[in-house]
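Survey of secondary and tertiary structure
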Amino acid sequence: MGDQLFKNSVEMTLKVIGGKWKLVILCHLMDGVKRFGELKRGMPDITQKMLTQQLRELEDDGIIHREVFVQVPPKVEYSLTQYGRTMEEVLNVMADWGQNHQERIN
């Protein structure tokens, strides 16, 4: 696990999903398609600007899909791509670790 390929792979993963909000966004989208307002309500501490930025970065990396409906008022929906769904196992492992850590510190 200490080899350079391992380290480079972890670094690449963090470039795509690193930061405070991307994993939280992915957790919300694991439940299905969400509109911007639904995501914002689910993460009240994130600013609108930050949410927009994080969604754009995830879309640029092929993790999420943004669908725009031409109507009044405008409607935009976000969902995980097939590639984005591959993050489910990572999120499950992280959730298990977080739960174990919480129990350990209590």
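Everything numeric in this text was worked out from a predicted model, so none of it was measured.

1. With respect to the overall build of the chain
- Looking only at helices and strands, one finds 6 helices and 3 strands in the chain.
- Ordered by position in the sequence, the α and β elements of the chain form the string α-α-β-α-α-β-β-α-α.
- Judged by the C-alpha coordinates and their principal axes, the chain covers about 55 × 35 × 25 Å.
- Counting the 106 residues in the chain, one finds 26% classified as buried.
- Pairs at least 24 residues apart make up 48% of the contacts formed inside the chain by residues separated by at least 6 positions.
- Carbon and sulfur atoms make up 54% of the accessible area of the chain, which totals about 7,700 Å².

2. What about the packing of aromatic side chains?
- Under the criterion given, the structure shown has 0 aromatic pairs.
- The ring of Phe 69 is capped by Lys 75, whose NZ or CZ atom sits 4.9 Å from the centre of that ring.

3. Regarding the layout of surface pockets
- Considered as a void within the structure, the largest pocket measures approximately 300 Å³ in volume.
- Lining the largest pocket are 14 residues; nearest its centre among them are Met 12, Thr 13, Leu 14, Ile 17 and Met 87.
- At the level of elements, helix 1 (4–17) and helix 6 (88–105) are the ones that each hand at least two residues to the lining of the largest pocket.
- For the lining of the largest pocket, the residue count by class is 10 nonpolar, 3 polar and 1 charged.

4. Observations concerning the sheet that holds strand 2 (residues 64–69)
- Strand order in the open sheet formed by 3 strands is 1-3-2, and the pairing between neighbours is antiparallel. Single-partner strands in this sheet number two, and they are strand 1 (34–35) and strand 2.
- Sheet topology places strand 2 next to strand 3 (residues 75–80); 6 bridges connect them, and they run antiparallel. Directly across from Glu 67, in strand 3, lies its bridge partner Glu 77.

5. Quick notes on the UniProt feature "domain: HTH hxlR-type" (unreviewed entry) in the chain
- Under the present numbering, the feature "domain: HTH hxlR-type" (unreviewed entry) in UniProt falls on residues 8–106.
- Here residues 8–106 runs as 62% helix and 14% strand, with 34 Å between its end C-alpha atoms.

6. Things to note about helix 4 (residues 48–60)
- Taking 1.5 Å per residue, 13 residues should reach 18 Å; helix 4 reaches 18 Å between its end C-alpha atoms and fits that length.
- Listed as buried for helix 4 are Leu 51, Gln 54, Leu 55 and Leu 58. When helix 4 is viewed along its axis, its buried side chains cluster within an angular range of 100 degrees and face the same direction. Away from the buried face of helix 4 by more than 90 degrees, exposed residues Lys 49, Arg 56 and Asp 60 are located.

Rules behind the numbers
- Residues numbered from 1 in each chain as written.
- Predicted model: local features only at pLDDT ≥ 70, side-chain atom pairs only at ≥ 80, totals over all residues.
- Heavy atoms only, no water.
- Helix = DSSP H or I, 4+ residues; strand = E, 2+ residues; numbered from the N terminus.
- Buried < 20%, exposed > 50% of the residue type's maximum accessible area, 1.4 Å probe, protein only.
- Contact = heavy atoms within 4.5 Å.
- Areas by Shrake-Rupley, 256 points an atom, 1.4 Å probe, with all protein chains shown as cover.
- Phe/Tyr/Trp six-rings, centres within 6.5 Å; stacked < 30°, edge-to-face > 60°.
- Lys NZ or Arg CZ within 6 Å of the ring centre and 35° of its normal.
- 1 Å grid on protein atoms, 1.4 Å probe; cavity = no way out; pocket = protein on both sides within 12 Å on 5 of 7 lines; lining within 4 Å.
- Points joined across faces, edges and corners; volume = space filled by probe spheres on them.
- Nonpolar A, V, L, I, M, F, W, Y, C, P; charged D, E, K, R; others polar.
- Pairing = 2+ DSSP bridges.
- UniProt positions renumbered as here; feature names shortened; annotations may be inferred.
- Expected span 1.5 Å × (residues − 1).
- Arc of directions from axis to C-beta.

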